[in-house]
Amino acid sequence: MKKIAILGSTGSIGRQTLDVARQQGDIEVTALCARQSVGLMEEQIREFRPGVAVMWDEAAAKDLRERVRDLDVRVLTGMDGLLEVASMDGFEYFVTAIMGMVGVRPTVAAIESGKKIALANKETLVTAGHIIMPLAASKGVPILPVDSEHSAIFQSLNGEAGNRIDKIWLTASGGPFRGRTAESLRDVRPEDALKHPTWAMGRKITIDSSTLVNKGLEVMEAKWLFDVAPSQINVLVHPQSVIHSMVEYEDGGIIAQLGVPDMRLPIQYALYYPERRPLQGERMDFYSLGQITFERPDMETFPALRLAYEAIEKGGNLPTAFNAADELAVQQFLDRKIAFPEIADMIQYCMEKCRFLPAPTLDEVFATEQEVGELLSTWKR
């Protein structure tokens, strides 16, 4: 029996992780953690019967305690609750699927307690990769990627131990505004940006896909996960979204991982690696697909991707400034307080104005997040 805890169980990745658990039948869910979706959390608890549940929001935790008082489950709250789950005995895999920097400290705690990390929380490596990867290596803890692109790279590396990577080809759908001009993006509304052409995701990550911020964050992750220079990571727009990424070796050979867009596949691969198991769902139909196309990303129209490369090239706390500014900017865009192009403007502003720290500690990472909030409180275009 495989035992797991899920950080972010009510989000898209968390729900699909539970779907994998339903299908496989040999996964015990020991703990579930979420922000404030009390109703869905109650349903998950009643189905999977974890011993512990955590709600980030105190009012949500109080509500949940009342709803599940007939069950043998402890309901914890806040960061203390997340850290207790991350450090407790009784499970092997910590699935980090929550959105935002709230996932960083619990991931550190889980690594320190020897848990295997099934990583779907981008912010962990974007902001603290220089801390996380050496810590995981020292503890002998594997970081197993769940993002479809990084899972594809991970799968393409299998059997190639010792062979040098020349390039990583990180594929991108291009988002809903592929081919548009910068001028035409000025009047984009949130409901327009939330119409992703391929993937069904949460609101924040869907907006990030439309600005290419998400792909920039994935470039930063790939640098840490696969120990390559940013110059070795090439973004390739691939609208059909069936090639999830590719690895090019020094002899020119390229290995790619293909499949239908289904996040359950990389989730299941991370939890059962190196074993492959049957997975119900749609299969690739090459006859219907007909063709596969590729394009260069337009970094003039979508400058956030260029800014992401600048952030990871310089390093230090700039990736944190990039990420923190994007989180605040996306929320303001969703609240209709700023225009779509201002998301990238705000990121650039914070990267330029934030105090640079070449090797930030974990506390300095979070101080940078706070500094970005202060900068944007007075930001004007």
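The preceding data block contains the structure.
Presented here is a report on the structure given in the accompanying data block. In this text the structure is predicted, and so the values were computed from the model without any measurement.

### Examining the sheet that holds strand β2 (residues 27–34)
Spatial strand order, β4-β3-β2-β1-β5-β6-β7: seven strands in an open sheet with parallel pairing. Looking at strand neighbours, the two that pair on one side only are β4 (74–77) and β7 (143–145), the edges of this open sheet. On average, adjacent strands in this sheet sit at an angle of 25° to one another, irrespective of strand direction. With six bridges connecting them, strand β1 (residues 2–7) and β2 associate as parallel partners. Bridge pairing in β2 places A5 opposite A31.

### Considering the sheet that holds strand β9 (residues 233–237)
Read across the sheet, four strands follow the order β9-β8-β10-β11 without closing on themselves; strand pairing throughout is mixed. The strands lining the two open edges of the sheet, one partner per strand, are β9 and β11 (254–258). Each neighbouring strand pair of the sheet contributes to a mean axis angle of 20°, computed without reference to strand direction. Pairing of strand β8 (residues 165–172) with strand β10 (residues 243–249) involves four bridges; the strand directions are antiparallel. Across the sheet, I165 pairs through a bridge with Y249, a residue of β10. The strands that helix α10 (residues 213–226) touches are β8 and β9; relative to β8, the one it contacts most, it runs at about 150°.

### With respect to the pairing of β10
Side-chain positions along a regular strand alternate between the two faces of the sheet. For β10, the buried fraction is high: seven of the seven residues fall into the buried class. As judged from the five bridges shared by β10 and β11, these two strands associate in the antiparallel manner. When the bridges of β11 are listed, S245 appears paired with Q257.

### Observations concerning the pattern of salt bridges
One pass over the full model with this rule turns up 31 salt bridges. Here R189 makes a salt bridge to E191, at a shortest N to O gap of 3.5 Å. Given the relative accessible area of 31%, E191 is considered partly exposed. Overlapping salt bridges bring together D19, R22, E47, D262 and R264 as one network.

### Comments concerning the pairing of strand β3 (residues 52–55)
The alternating pattern of β3 places V52 and V54 on one face and A53 and M55 on the opposite face, and all of these are buried. Taken together, β2, helix α2 (residues 38–48) and β3 form a β-α-β motif whose crossover is right-handed. Taken together, β3, helix α3 (residues 58–67) and β4 constitute a β-α-β crossover, and its handedness is right-handed.

### What to know about unusual backbone geometry
Between Y273 and P274 the backbone carries a cis peptide bond, its omega angle lying at 5°. Looking at the element boundaries, P274 is found in the loop between α11 (264–272) and α12 (286–289). Positive phi, normally seen in glycine, also occurs at L212, with a value near 70°. Following the sequence through the fold, L212 ends up in the loop between α9 (203–211) and α10. The buried category is assigned to L212, whose relative accessible area is 6%. At R336, a residue that is not glycine, the phi angle is positive and equals roughly 65°. Considering the arrangement of structural elements, one finds R336 in the loop between α14 (318–334) and α15 (342–353). The exposure class of R336 is exposed, given its relative accessible area of 54%.

About the cut-offs
Residues numbered from 1 in each chain as written. Predicted model: local features only at pLDDT ≥ 70, side-chain atom pairs only at ≥ 80, totals over all residues. Heavy atoms only, no water. Pairing = 2+ DSSP bridges. Helix = DSSP H or I, 4+ residues; strand = E, 2+ residues; numbered from the N terminus. Axes fitted to C-alpha atoms, helices over the stretch in contact; angles between N-to-C directions. Contact = heavy atoms within 4.5 Å. Buried < 20%, exposed > 50% of the residue type's maximum accessible area, 1.4 Å probe, protein only. Salt bridge = Lys/Arg side-chain N within 4 Å of Asp/Glu carboxyl O. Right-handed = clockwise from strand over helix to strand, strands pointing away.

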